[in-house]
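Listed here are the chains, written in short residue letters.
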Amino acid sequence: MNWDKAKNILIIFFLCVNLCLCTILVYLKRSDLVLSDTAIESTVELLNQHGITMADDDIIPKEKFKNQSYNLTAFTIENENMLEAWLGAGYSLSEENSSLYQYIYKNGNRQLTINKTGLLFYSDKSAVLASPKEEKEIESELTDKLKKFNLKDDAFYFQDVWFENGLYHCIISPMVNDTKIIGIQLEIAADHEEIISISGNWFTFSGVDTFENSGLLDITAVLANMIFLEEKPTNMITEIFYAAFVPEDYINNKIVTATPVYVFQCTDGHEYIFDARSGELLVS
Amino acid sequence: MRLKKYLKDMTLVLLIFISLILVFQVWFSSNIVPNEAKNISETFQESILEPVLSFFKLNKNSTSSQDISSVFWPQKIVLNDSNKRSVLYYNSEEYQHFYQMSEDFIKNIMLGNIKIKSKDTVTLDEYFSVLKGNSIYLDYDNLYDFRLFSVSICGEADNEWSNDYSSVRECMISLGDNVLNNVSVYMRDYKSGTVFRYILEENKEALEKELDRYFLSHQSASTLSYSFELNFHKQESGDGSLSKLVFDPLILFNLVATEGKSIHSDQNWFQDWLEIESSRAGSILNTFQINPMTMLKYTDMNNARVFVENDGTLTISPNGLLEYHALESGQGLRIYETEDKSAFDIYAAASAAANFVYAVNEDLPKSAFTSIRFSTDLIENNSQGSYTIEFDLCAGGIPVMQTDPVTGERCHSITMRIENGYLKQYRQFVRLYSESDSTEPVTPVINAMDGLIDTLNPQTEYLSVFNVSRCYVDDGAAELLAPQWKVGVEGIQTILTVK
């Protein structure tokens, strides 16, 4: 037997095998990161068959998201300089019930009520009324003003904006590494000069738990499960995105964890929030 | 030529090695194959491994005598001879020595290694009189289903004695008198009230030698008397007057004031211990079957960490309070596997509870000074399938009563509510106690009881006291805990403690 020749054949054989294995590995790694077009198309077709329509196939994100939970710490507890930033130097404690974590602080025409993680701020001044045309201008000014309130612009996003009685109103929610946090919000009213009122609960990012060994459900799987909902969406789904969610029941705690969810928004404003780990419908 | 051959060989080996690594990567790095592998593993476990283990009684329901015996031991051992008496608590070397010796002795009788010469029943007076002579009295402090006693002693729930007993509380080994050379064992079945005496074909020499050795090295005069010796077990005293207190005949009284060691309570260790390593909370979560990947969690305003899983909520407070509550809508945590609800009796519940407590405490720091034991009666009740099982954390062998943060009442260190194999509620005060050098005076029981009568102001003719034992009380604030008395009174559910 010619061992030399056999070795050559074996070397070539193993080179081919290794090449195939590399190709498979790259394909598998890629499929771990993105959804296949076929999966998206078949999901859309299945939903259409059950009367659930989508504005466009493209609204389904192709990216597969990491199983991450975001730890958020209450702004009222974590932020040492908060009182001075919100009320200015020289503020004083007006009322206190420390066992319930309730405090009222005042400084001139400004007052801040803290109730656990809840904030109620208002400035008792005569507002300078503006018109809706000035929305962008006021929004830009507001972002700078919020920085002074220790709310950095990369840590929140505008959820809603409107004009009412000549005042600019908006709702902001936290954002962590480009992921929207749902369930936490502040409602703000402002004029050209300053912030008139802020109310709601606020948390800041304090850490992330990543579960590498346990992936999230594919968004297509969660969408496909919608056909089993008792009350299926009657309106067209216009937006689908990945976010993190804090249930309302947990909002009055010192540290909360926002868990990964998929959010489906319909044309009528109806919103479906699904747990991205279990596929359970959390909010409808 | 040789070099070329060598290079070819090396290339081939390298290629084979790389192909193996790539195959490994393909199998275990993708999210597709591991799930399949996991399913195969689960199927193998559910369909093959568990039935086989259950056939050989090796699955998790099988009663682990190791776990039961670690939480089931006499609250005290009393050594008696005709002139002296001595009480031994769990932490002492002598306790361990005499317990091991007594346990081995009873185990050998149960397993038939020591032959029973005769078995008869005796009266209560005869039973009590055993304690006046050379004897070893194992006091378990509470009533227990006989199977728990049996499994903790000999590792088997059923044995030759099973037909005689339903519930037991104590066991006495009598070394008889100077005439007879045989050893006898006395036990009372509390359900029927029958006291059995087993006269054994065993020479008393070895046991007697140990008792003599002990009393030779502990020569101080004994001031201990049993209630029946002082006539405290009868309402009517010798002069015809009626007592407001009637004691169980086997309660021991020390008629003179003594001193007891205080213990030191470390209030902050739990928070420090949890913070050192994040995986420590993880091991507790694992025992409560809470999946970190699917749970919800938050930290409340009092810094208690709350973990929410489908069936329940686990709260870990910085002061060491560990609480689990099953959701009303959920079944709770399954800690005992059974299809037949009627099979879940007090024995199964206590075994499952012991296993669970063992698992929870396995990852907590061990202290040679502290130990855990069953603390309430464990006998079948009217609500079959639903049981509350409690444990005490003992420091130096003496139980430490905790203070309920809500009601302020005394409570046990661990409370479990189990229904048909499902854990509905679990509460544990995770505490760390250490020995202290300071001692505190211990009031004689009878003096301490005077104060109790004034507090209780009984409406009934007299109070029936069935249990008096040493304890400590931890209110969660004091760092030095002095010894007190724990008193059990008929008709009063709350735990009473007096100084």
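### With respect to helix α6 (residues 146-154) of chain B
All names here are of chain B. Most of α6 sits inside the fold, with 8 of its 9 residues counted as buried. Listed as buried for α6 are Phe146, Leu148, Phe149, Ser150, Val151, Ser152, Ile153 and Cys154. At the exit of α6 stands Gly155, carrying a positive phi of roughly 80 degrees.

### A word on the domain arrangement of chain B
Residues and elements named next belong to chain B. With domains assigned, chain B is organised as domain 1 (2-55), domain 2 (68-222) and domain 3 (265-434). Computed from C-alpha coordinates alone, the two centres of domain 2 and domain 3 are separated by 32 Å. Contacts between domain 2 and domain 3 engage 21 residues on the former and 24 residues on the latter. Both sides of the domain 2 and domain 3 interface together cover about 1,900 Å² of buried area, and 59% of this is carbon and sulfur. Among the residues of domain 2 in contact with domain 3, Val71, Trp73 and Asn91 are the three that bury the most area, contributing 30% of the side total.

### Re the nonpolar core
Residues and elements named next belong to chain B. Of all hydrophobic cores here, the largest spans 99 residues; its most connected members are Phe288, Met416 and Tyr426. With 11 residues, helix α11 (residues 346-362) is the largest single contributor of residues to this core. Counting the residues that make up this core, at least three belong to each of domain 2 (68-222) and domain 3 (265-434). If we ignore the near neighbours within four places in the chain, the residues touching Tyr426 are Phe288, Leu322, Glu323, Tyr324, Phe356, Val357, Val360, Asn361, Ile414, Thr415 and Met416.

### Some details on the interface of chain A and chain B
Each partner contributes to the interface: chain A provides 34 residues, whereas chain B provides 29 residues. Taking both partners together, chain A and chain B bury about 2,900 Å²; carbon and sulfur atoms supply 66% of that area. Where chain A touches chain B, the interface holds 3 salt bridges. Of the charged contacts, one joins Lys7(A) and Asp9(B) as a salt bridge, the two residues approaching to 2.6 Å between their closest N and O atoms. The set of elements that each furnish at least two residues to the side of chain A that touches chain B consists of α1 (3-33) and β13 (255-266) of chain A. Broken down by element, the side of chain A that touches chain B gets its largest block of residues, 16 residues, from α1(A). Tallied by class, the residues present in the side of chain A that touches chain B amount to 17 nonpolar, 9 polar and 8 charged.

Cut-offs used in this document
Residues numbered from 1 in each chain as written. Chains lettered and ligands numbered in written order. Predicted model: local features only at pLDDT ≥ 70, side-chain atom pairs only at ≥ 80, totals over all residues. Heavy atoms only, no water. Buried < 20%, exposed > 50% of the residue type's maximum accessible area, 1.4 Å probe, protein only. Helix = DSSP H or I, 4+ residues; strand = E, 2+ residues; numbered from the N terminus. Domains from an automatic or database assignment. Contact = heavy atoms within 4.5 Å. Buried area = accessible area lost by both parts, 1.4 Å probe. Core = buried A, V, L, I, M, F, W, Y, C linked by side-chain atoms within 4.5 Å. Salt bridge = Lys/Arg side-chain N within 4 Å of Asp/Glu carboxyl O. Nonpolar A, V, L, I, M, F, W, Y, C, P; charged D, E, K, R; others polar.

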